[in-house]
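If you want the building blocks of each chain, they are given just below.
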Amino acid sequence: MNRISLYWTLQILGWGSIACVNIIFAYLSPRGITQVQVVAFVLLALFYFLSTHFIRYIVKTYDWFKLAISQLVFQSLLAILAMSFVNVVVEILINVAFDTLNAEQDFKVLVILANLFIAFLFYSIWFLLYFLFHFLDNYNNSLKYEAKINQIRLNHLKSQLNPHFIFNALNSVRALVDEDPDKAKSAITRISNILRFSLMMDKKQTIDFEDELNTVKDYLTLESIRFEERLQVEYQIEDEAFSYKIPPMMLQTIVENAIKHGISNLVKGGLIEIKCREGLEDDLYIQVRNSGHLLAPPSLKPKSNGGHGLSNTVQRLKLIYGDKASFRIFNVGSQFVITEIKIPKQRVTLD
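Here the structure is a predicted model, which means the values were calculated and not measured.

J.: Would you mind going over the pattern of salt bridges with me for this structure?
T.: Evaluation of the coordinates by the stated rule reveals 4 salt bridges. For Glu 273, the salt bridge is made with Arg 289, and the minimal N-O distance between the two is 3.0 Å. In this pair, Glu 273 sits in strand E4 (residues 270-278) while Arg 289 sits in strand E5 (residues 284-291), placing the two residues 16 residues apart along the sequence. Under the relative-accessibility criterion, Arg 289 is labelled partly exposed at 22%. In this structure, Arg 328 engages Glu 340 in a salt bridge whose closest nitrogen and oxygen atoms are separated by 2.9 Å. Placement of the pair is Arg 328 in strand E6 (residues 326-332) and Glu 340 in strand E7 (residues 336-343), with a sequence separation of 12 residues. Using a relative accessible area of 44% as the deciding quantity, one classes Arg 328 as partly exposed.

Listed below in structure tokens is the structure:
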């Protein structure tokens, strides 16, 4: 049901219910109810229906939704008071038209004030529900729009990583084709695994940690062929880590950065150590320690020259987890650099 259909349905049901309640109470009274009174109650409900629709027209025509809250409240109160007075007058006119007016009773100050209060109450409830629905609907639409924008940004970030990752993997195999065909065949098999993974990950915001880790292992095996004894790899993975989901290509990006800016710059090569553990608050901590030294803090802002990597990772963490995730990179002494990511609990349902 769209908004227009919902509005008319609620209008009819709401004011129709008011008419039914008035008729039932009058019927249960000692004096009972006449057919003329039934028609009068229906006409009064019809006036409520038409007057609130007129108010809606005024609100939409003059765009009250753009007013400041204080001004909106003030104008709404004036409108409610005005329509309440008009409602009391209409009620008197309906009684006159159906010859049911009791001047001595109906023109008492207390009776008029009571009718005015009831009309004011009904209009106030209508205003409250109408504006509440409008603001909630706008808020929901804003959330949907923001989620859509975030998804577009994530897809863009992942599309940046895909060719970058694949190019580096192919570059690792190129030198092997002539030197060692057997190793080249093995490397091509691993590249096919990486390609299959990269195609699959485009459809997902997060994936099983195990799937990401397996792809990283394939990548490091390719790099081990290229670096030979210059690259040492160690894993310290707690079992709890496999019950988490992480953004695809995230660990791969950190490892690739460690090789590019760490290992490849050292004549003797060095160590890549991947450590994953569960924190005290069920957060997943991922650490990549690599040989090397960080001379200056890397820029974590998007680059205009087409460079991606750590800035891409930070943006994706922000889009997916907000402030619940964290990223930092720092030196440990003069020989190692640690890149650490904390991801909030987002467990996989294990069979």
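J.: I would appreciate a short explanation of the sheet that holds E7 in the present structure.
T.: Within a sheet, adjacent strands bond to each other through the backbone by hydrogen bonds, running parallel or antiparallel. The 5 strands are arranged E2-E4-E5-E7-E6 in an open sheet whose pairing can be described as mixed. The sheet terminates laterally at strand E2 (231-237) and E6, the two strands that pair on one side only. Neighbour-to-neighbour, the strand axes of this sheet turn through a mean angle of 15°, independent of strand direction. Relative to E4, E2 is paired through 7 bridges, and the arrangement is parallel. If you follow Ile 237 over to E4, its bridge partner there is Cys 276. Across the sheet, helix H8 (residues 209-227) is in contact with E2, E4 and E5; its angle to E2 comes to roughly 165°.

J.: Looking at this structure, I do not really get helix H9 (residues 250-261). What am I missing?
T.: What sets the pattern is the α-helix's 3.6 residues per turn: residues three or four places apart point alike. Helix length check: H9, at 12 residues, gives a terminal C-alpha distance of 17 Å against a target of 16 Å (1.5 Å per residue), a fit within 8%. Burial analysis of H9 places 10 of its 12 residues in the buried class, which makes it a mostly covered element. Restricting attention to buried positions, one finds in H9 the residues Met 250, Leu 251, Gln 252, Thr 253, Ile 254, Val 255, Glu 256, Asn 257, Ala 258 and Ile 259.

J.: It is not clear to me how the layout of surface pockets should be interpreted in this structure. Could you clarify?
T.: Where empty space is left in the structure can be found by rolling a water-sized probe over the atoms. Here the largest pocket defines a volume of roughly 1100 Å³. Surrounding the largest pocket, 29 residues form its lining, Gln 37, Phe 41, Glu 91, Asn 95 and Asp 106 being those nearest its centre. A breakdown of the residues in the lining of the largest pocket according to their chemical character gives 16 nonpolar, 10 polar and 3 charged.

J.: Would you mind showing me how to read the confidence of the model for the protein here?
T.: Fine structural detail should not be taken from predicted coordinates in areas where pLDDT scores are low. Per-residue confidence for the protein gives a mean pLDDT of 81; residues scoring 70 or more make up 82%. Overall, residues 347-351 carries pLDDT values under 50, and its contacts beyond four positions in sequence, including any with other chains, amount to 9 contacts.

J.: Honestly, the packing of H9 against helix H10 (residues 310-321) in this entry has me stumped. Any pointers?
T.: Two numbers describe how H9 lies on H10: the axes approach to 9 Å, and their chain directions differ by 155°. In this view, H9 runs roughly antiparallel relative to H10, as classed from their interaxial angle. Between H9 and H10 lies a crossing of left-handed hand. On the side of H9, the interface is formed by Met 250, Thr 253 and Asn 257, while H10 contributes Leu 310, Thr 313, Arg 316 and Leu 317. When its residues are assigned to classes, the contact of H9 with H10 shows 3 nonpolar, 3 polar and 1 charged.

J.: Can you walk me through the packing of H8 against H9 in this structure?
T.: In a pair of packed helices, the angle between the axes and the distance between the axes together describe the arrangement. Running from N to C, H8 and H9 point in directions that differ by 25°, and their axes come no closer than 8 Å. Taken together, the axes of H8 and H9 lie roughly parallel to each other. Where H8 crosses over H9, the handedness of that crossing is right-handed. Facing Phe 209, Glu 212, Leu 213, Val 216, Tyr 219, Leu 220, Glu 223 and Phe 227 of H8, the residues of H9 in contact are Met 250, Leu 251, Gln 252, Val 255, Glu 256 and Ile 259.

J.: When you look at the pairing of E5 in this model, what are you seeing that I'm missing?
T.: Two faces make up the sheet, and in a regular strand the side chains alternate between them. Across the 8 residues that make up E5, a large majority, 6, are buried. Counting the residues that bridge the hairpin from E4 to E5 gives 5 residues, and of these Asp 282 lies at a positive phi of roughly 65°. Bridging between E5 and E7 involves 8 bridges; their strand directions are antiparallel. Bridge pairing in E7 links Val 288 to Thr 339.

J.: I tried to follow the environment of Ile 286 on my own but got confused; where do I start?
T.: Turning to its location among the elements, Ile 286 is positioned in strand E5. By relative accessible area, Ile 286 is classed as buried at 0%. Sequence separation between Ile 286 and Cys 276 is 10 residues; the distance between their C-alpha atoms is 4.6 Å. Excluding residues within four positions of it along the chain, Ile 286 makes contact with Phe 209, Ile 246, Met 250, Leu 251, Lys 275, Cys 276, Thr 339, Glu 340, Ile 341 and Ile 343.

J.: Would you mind showing me how to read the nonpolar core here?
T.: Core analysis: the largest hydrophobic core is formed by 41 residues, its most contacted members being Phe 209, Leu 251, Val 255, Ile 274 and Ile 286. Of all the secondary-structure elements, those providing two or more residues to this core are helix H7 (181-201), H8, H9, E4, E5, H10, E6 and E7. In terms of residue count, the dominant contributor to this core is H8 (8 residues). Discounting residues that sit within four places of it in the chain, Ile 274 has contacts with Val 216, Leu 220, Glu 234, Tyr 235, Gln 236, Ile 237, Leu 251, Val 255, Gln 287 and Val 288.

J.: How do you make sense of the environment of Ser 192 when you look at a structure like this?
T.: The topology assignment puts Ser 192 in helix H7. Distance in space between the C-alpha atoms of Ser 192 and Asp 218 is 9.9 Å, their sequence separation being 26 residues. Of the polar contacts made by the side chain of Ser 192, one reaches the backbone oxygen of Thr 189; its length is 2.4 Å.

Calculation notes
Residues numbered from 1 in each chain as written. Predicted model: local features only at pLDDT ≥ 70, side-chain atom pairs only at ≥ 80, totals over all residues. Heavy atoms only, no water. Salt bridge = Lys/Arg side-chain N within 4 Å of Asp/Glu carboxyl O. Helix = DSSP H or I, 4+ residues; strand = E, 2+ residues; numbered from the N terminus. Buried < 20%, exposed > 50% of the residue type's maximum accessible area, 1.4 Å probe, protein only. Pairing = 2+ DSSP bridges. Axes fitted to C-alpha atoms, helices over the stretch in contact; angles between N-to-C directions. Contact = heavy atoms within 4.5 Å. Expected span 1.5 Å × (residues − 1). 1 Å grid on protein atoms, 1.4 Å probe; cavity = no way out; pocket = protein on both sides within 12 Å on 5 of 7 lines; lining within 4 Å. Points joined across faces, edges and corners; volume = space filled by probe spheres on them. Nonpolar A, V, L, I, M, F, W, Y, C, P; charged D, E, K, R; others polar. pLDDT = per-residue confidence, 0-100. Parallel < 35°, antiparallel > 145°, perpendicular 65-115°, else oblique. Left-handed = near helix turned anticlockwise from the far one by under 90°. Core = buried A, V, L, I, M, F, W, Y, C linked by side-chain atoms within 4.5 Å. Polar contact = N/O pair within 3.5 Å; in protein donor to acceptor, adjacent residues only side chain to side chain.

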